[in-house]
Amino acid sequence: MTEQPRSSSGPAAAEAVPEVTAVSDATSNEGFLQSIMSSNPYFTAGFGLMGLGAVLAVGRQTLVRASSLAYRQLLVDLEITSKDKSYDWFLEWMSRHPARSSRNFSVETNYVEHDNGSITATFDLVPGPGRHLLKYSGAYIMVKRERSGRLMDLRMGSPFETITLTTLYRDRQIFSKMLREAQSRAQTKQQGKTVLYTSYGPEWRPFGLPRRKRSIESVVLADGVKEGLLDDMTSFLKSAQWYTDRGIPYRRGYLLYGPPGSGKTSVIQALAGHLDYNICILNLAEATLTDDRLNHLMNNVPARSLLLLEDVDSAFSNRKQSSDQGYVSGVTFSGLLNALDGVASADERIIFMTTNHPERLDPALIRPGRVDFQALLDNATPAQIHRMFTRFYNDDKLAHAFVEECIQRNKPVSTAQLQGLFVFHKDDPQGAIAAIHNM
Ligand code: ADP
């Protein structure tokens, strides 16, 4: 029992003790901290460093802000992406610009395959990815070419790229001057030339350097064929309104057929040159060409370009045989018909098809609307032989003798064979006459 009151007052007493202890602990900790802070040199130095760090951080931030403000006020950037037309113009222009300093280059090879099979290649050292400096019209321009590691330019099938040009704000007007110069340079390079495009992934890209236009006089066809083609094209090109008024798709298809070496490709090149058009060449037998890609390409032909489908028979006529040989075209016949019929766009579309074997073509391919004009380019007629000879040797009398020899020979001869013979006997018409029997 004596323990009873103790037991009732015990807990209160027991609670009071730790409270006192806690107060006394806090007081002693504060004193301890104060004593450390005031007396411990390391602690004081820590605070000092912290303060210094904070000041530096604020200073750095202010500097960054000030420099970006100065950048915005004093400098100006121009971004050109690889999707833009001026991208290639600028790279080409810069590769020729004398006042530049570059340490990394990319090579761009252009090559032209000549009719005789020889190849001429030129190399342009264009600025590669990285930084470059150039001086233009008294202003310094920093050029930064960057390639995205992840983004792809879907049209080109190559990494997405950007070029950023930076110059002083006061010199900003030189950008447009420089781009205009790059553009006019690119265009003069193409003047009097025909650009050949080939398909690269889903887009058209120039193939080699632009070629000198082929003159229409240099192609010798049977009487009236060239004139007929030219008249038809000229009248088509004048009839945009006529087609629009009647709601007919503004397009025209041509089929040139005949033996190899009769001038089919040559006359298309000459017509393109004469009308100031470029040529987009599509090979239907290409294994990687699919219906979708064909459709996309045919509906996205660059402006002022003829579309040329060479040897249209080869992609489909021997399909079975081709697949046995392990070579199958990815394009189906119905895919080609769909692409030919295409979406009715307001843009003009001129398609040339060539074949050495018209008998192999499916009638669906050459029905009007897909092929509107057909022309046979055959082996050389006596009149063509005569004209070819006089074009090379300018001698009417010898031309008659040559035609006589060809008639006596009594074998077909193609205009390409005649050209080969005349080139071989360049300054020797008599030699050409003598050699015709050996062909
Ligand atoms: P195709 O396309 O009919 O097979 P090309 O047009 O490719 O023939 O001609 C091959 C070569 O022969 C070219 O170098 C071309 O200059 C020459 N050639 C062929 N036919 C003619 C022609 N009718 N007039 C002038 N050159 C021709």
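Looking up the protein in an unreviewed UniProt entry gives the name Mitochondrial chaperone BCS1, with the organism given as Wickerhamiella sorbophila. Under the UniProt heading Catalytic activity (unreviewed entry), the entry covering the protein gives this text: "ATP + H2O = ADP + phosphate + H(+)". UniProt lists a comment for the protein under the heading Sequence similarities (unreviewed entry), and it reads "Belongs to the AAA ATPase family. BCS1 subfamily."

## Observations regarding the nonpolar core
Within soluble globular proteins, side chains that are nonpolar tend to cluster in buried spots. Ranked by internal contacts, the top residues of the largest apolar core, which has 28 residues, are Leu229, Val267 and Phe352. At the level of secondary structure, the elements contributing two or more residues to this core comprise helix 5 (225–237), strand 12 (251–257), helix 7 (264–275), strand 14 (305–309), strand 15 (349–355) and strand 16 (373–376). Looking at this core element by element, the count peaks at 6 residues for helix 7. The next biggest cluster of nonpolar side chains, apart from the first, holds 26 residues, and it includes Val195, Leu255, Phe316 and Leu365.

## Considerations on the site of the ligand
The full set close to the ligand counts 16 residues, and Val220, Thr265, Ser266, Thr415 and Gln419 are the nearest of them. Take threonine 265: an N or O atom from its side chain is 2.7 Å from an oxygen atom of the ligand. Serine 266 has a polar side-chain atom sitting 2.5 Å from an oxygen atom of the ligand. For the ligand, the accessible surface in isolation is 540 Å², of which the surrounding protein chains cover 84%. The set of elements that each furnish at least two residues to the shell around the ligand consists of helix 7 and helix 13 (415–424). Both domains that furnish three or more residues to the shell around the ligand are identified here as domain 2 (211–376) and domain 3 (382–438).

## Re unusual backbone geometry
Excluding glycine, a negative phi dihedral is what most residues carry, and trans is how most peptide bonds are arranged. Positioned with a positive phi, arginine 304 is a non-glycine residue whose angle comes to about 50°. Position of arginine 304 relative to the elements: it lies in the loop between helix 8 (291–298) and strand 14. Exposure remark for arginine 304: the relative accessible area of 44% places this residue in the partly exposed category. Residues other than glycine seldom take positive phi values, yet asparagine 410 does so here, at roughly 55°. In this structure, asparagine 410 sits in the loop between helix 12 (396–409) and helix 13.

## Focus: the pattern of salt bridges
Counted under the stated rule, the structure contains 14 salt bridges. With a shortest N-O distance of 3.8 Å, aspartate 313 and arginine 360 are connected by a salt bridge. A residue pair is termed long-range when its members are at least 10 positions apart, and aspartate 313 in the loop between strand 14 and helix 9 (319–324) and arginine 360 in the loop between strand 15 and strand 16 qualify at 47 residues. By sharing partners, the salt bridges in this structure join Glu92, Arg96 and Arg185 into a single network.

## Quick notes on the packing of helix 5 against helix 7
Here helix 5 crosses helix 7 at 45°, and the two axes come no closer than 11 Å. Taken together, helix 5 and helix 7 sit at an angle that is classed as oblique. Crossing geometry of helix 5 relative to helix 7 is assigned as right-handed. Where helix 5 approaches helix 7, its residues Lys226, Leu229, Leu230, Met233 and Leu237 are matched on the opposing element by Val267, Leu271, His274 and Leu275. Residue classes in the contact of helix 5 with helix 7 are distributed as 7 nonpolar, 1 polar and 1 charged.

## Thoughts on the side chain of threonine 166
For threonine 166, the position within the fold is in strand 7 (residues 158–168). Of the polar contacts made by the side chain of threonine 166, one reaches the side chain of aspartate 77; its length is 2.7 Å. Apart from the residues lying within four places of it in its own chain, the contact partners of threonine 166 are Tyr71, Leu75, Val76, Asp77, Tyr140, Ile141, Met142 and Phe175.

## Description of the environment of asparagine 410
Given the relative accessible area of 66%, asparagine 410 is considered exposed. In this structure the C-alpha to C-alpha distance between asparagine 410 and histidine 437, which are 27 residues apart in sequence, comes to 9.8 Å.

## Examining helix 11 (residues 382–393)
Under the 1.5 Å per step criterion, the end-to-end length of helix 11 is 16 Å for 12 residues, consistent within 8% with the ideal 16 Å. Looking only at helix 11, the buried set comprises Gln384, Ile385, His386, Met388, Phe389 and Tyr393. Along its buried surface, helix 11 packs onto helix 12, helix 13 and helix 14 (429–435). Once helix 11 finishes, asparagine 394 follows within two positions and takes phi at roughly 55°, a positive value.

## Let's talk about the packing of helix 11 against helix 12
With their axes 9 Å apart at the nearest point, helix 11 and helix 12 run at an angle of 140° to one another. With respect to each other, helix 11 and helix 12 are oriented oblique. In this structure, helix 11 crosses over helix 12, and the sense of that crossing is right-handed. Along its contact with helix 11, which presents Pro382, Ile385, His386, Phe389 and Thr390, the element helix 12 presents Asp396, Leu398, Ala399, His400, Phe402, Val403 and Cys406. When its residues are assigned to classes, the contact of helix 11 with helix 12 shows 8 nonpolar, 3 polar and 1 charged.

## Thoughts on the confidence of the model for the protein
In this model, the protein carries a mean pLDDT of 82, and residues with pLDDT of at least 70 account for 81%. Ranking the elements of the protein by mean pLDDT puts helix 9 last with 45 and strand 16 first with 97. Confidence over residues 1–24 falls short of pLDDT 50; this stretch has 1 contact with residues more than four positions distant or in other chains. The low-confidence segment residues 318–327, where pLDDT is below 50, has 11 contacts with residues more than four positions distant or belonging to other chains. Interface scoring of the predicted complex returns ipTM 0.98; its pTM is 0.67.

Rules used in this analysis
- Residues numbered from 1 in each chain as written.
- Predicted model: local features only at pLDDT ≥ 70, side-chain atom pairs only at ≥ 80, totals over all residues.
- Heavy atoms only, no water.
- UniProt positions renumbered as here; feature names shortened; annotations may be inferred.
- Core = buried A, V, L, I, M, F, W, Y, C linked by side-chain atoms within 4.5 Å.
- Buried < 20%, exposed > 50% of the residue type's maximum accessible area, 1.4 Å probe, protein only.
- Helix = DSSP H or I, 4+ residues; strand = E, 2+ residues; numbered from the N terminus.
- Near = heavy atom within 4 Å.
- Polar contact = N/O pair within 3.5 Å; in protein donor to acceptor, adjacent residues only side chain to side chain.
- Areas by Shrake-Rupley, 256 points an atom, 1.4 Å probe, with all protein chains shown as cover.
- Domains from an automatic or database assignment.
- Salt bridge = Lys/Arg side-chain N within 4 Å of Asp/Glu carboxyl O.
- Axes fitted to C-alpha atoms, helices over the stretch in contact; angles between N-to-C directions.
- Parallel < 35°, antiparallel > 145°, perpendicular 65-115°, else oblique.
- Left-handed = near helix turned anticlockwise from the far one by under 90°.
- Contact = heavy atoms within 4.5 Å.
- Nonpolar A, V, L, I, M, F, W, Y, C, P; charged D, E, K, R; others polar.
- Expected span 1.5 Å × (residues − 1).
- pLDDT = per-residue confidence, 0-100.

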